[in-house]
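# What the coordinates show
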Amino acid sequence: LIPQLSIPKMVIAIIKNLAALIRAIAADLLYLQSQLQRIADMIDRAADLNDVKMNGFLVCAQETVEGSVMSTAEALKGIGRVILLVNIFIGLFGGELIPCFGSLISDNLAEGLDVIIDLLTTLADILQELAEAIPDPDYALTLALGEQRC
């Protein structure tokens with residue numbers, strides 16, 4: 001009930017959950033990347049067989065998967081609002097602010113999904129380290145009162 005004690009605990013929980021969410025987004029992108037590769041291989045196979053109709057279906061499937069990648073990018077932008085809120089709470093007790101990363105996918109899409117997946121995984125690791133670096137106020141209070149006698 002004391003904000004100075006509850007806010008850091010809330011921020012730690014939010015950051016750990018954000019790290020888990022970002023890892024899940026990276027896993028989703030890895031799956032979509034494998035689907036794009038499978039579709040590209042099948043497009044090559046359809047071209048070898050001169051199957052125009054199958055090629056049309058596969059191009060449509062490829063566009064659908066690419067649309068899923070862009071939807072994931074939009075979801076990542078939505079996480080940016082949560083990051084801004086967490087930064088406000090971090091400012092209340094003084095700590096390292098989390099940088100905004102909402103345009104991470106759109107800025108690096110030309111380099112390929114491998115780069116984006118690596119960046120997201122690294123970002124999740126950094127967020128986990130940041131959460132672990134925030135001192136737990138209950139533990140600090142226990143240490144402070146541990147030696148006191150009444």
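A brief look at the structure comes next. (Residues numbered from 1 in each chain as written. Predicted model: local features only at pLDDT ≥ 70, side-chain atom pairs only at ≥ 80, totals over all residues. Heavy atoms only, no water.)

### Description of the nonpolar core
- Counting 35 residues, the largest nonpolar core has Ile 15, Leu 29, Ile 98, Leu 120 and Leu 127 as the members making the most contacts within it.
- Put simply, the parts of the chain that give this core at least two residues each are helix H1 (3–48), helix H2 (52–93) and helix H4 (113–133).
- Of all the elements, H1 adds the most residues to this core, at 15 residues.
- Non-local contacts of Leu 127, meaning those with residues more than four positions away in its chain, are made with Ile 15, Leu 18, Ala 19, Ile 22 and Ile 98. (Core = buried A, V, L, I, M, F, W, Y, C linked by side-chain atoms within 4.5 Å. Buried < 20%, exposed > 50% of the residue type's maximum accessible area, 1.4 Å probe, protein only. Helix = DSSP H or I, 4+ residues; strand = E, 2+ residues; numbered from the N terminus. Contact = heavy atoms within 4.5 Å.)

### Concerning the environment of Ala 131
- Tracing the chain through its elements places Ala 131 in helix H4.
- We classify Ala 131 as buried; its relative accessible area is 2%.
- Taking C-alpha positions, Ala 131 is 9.3 Å from Ala 19, a pair spaced 112 residues apart along the chain.
- Not counting chain neighbours up to four residues away, the residues in contact with Ala 131 comprise Ile 12, Ile 15 and Lys 16.

### Some details on H2
- Spanning 42 residues, H2 covers 62 Å between terminal C-alpha atoms, matching the ideal 62 Å at 1.5 Å per step.
- Here H2 has its buried residues at Leu 58, Val 65, Val 69, Thr 72, Ala 73, Leu 76, Ile 79, Gly 80, Ile 83, Val 86, Asn 87 and Ile 90.
- The N-terminus of H2 is capped by Asp 51, whose side-chain oxygen sits 3.5 Å from the backbone nitrogen of Lys 53.
- Taken from the residues just after H2, Gly 94 is the one with a positive phi, measuring 75 degrees. (Expected span 1.5 Å × (residues − 1). Polar contact = N/O pair within 3.5 Å; in protein donor to acceptor, adjacent residues only side chain to side chain.)

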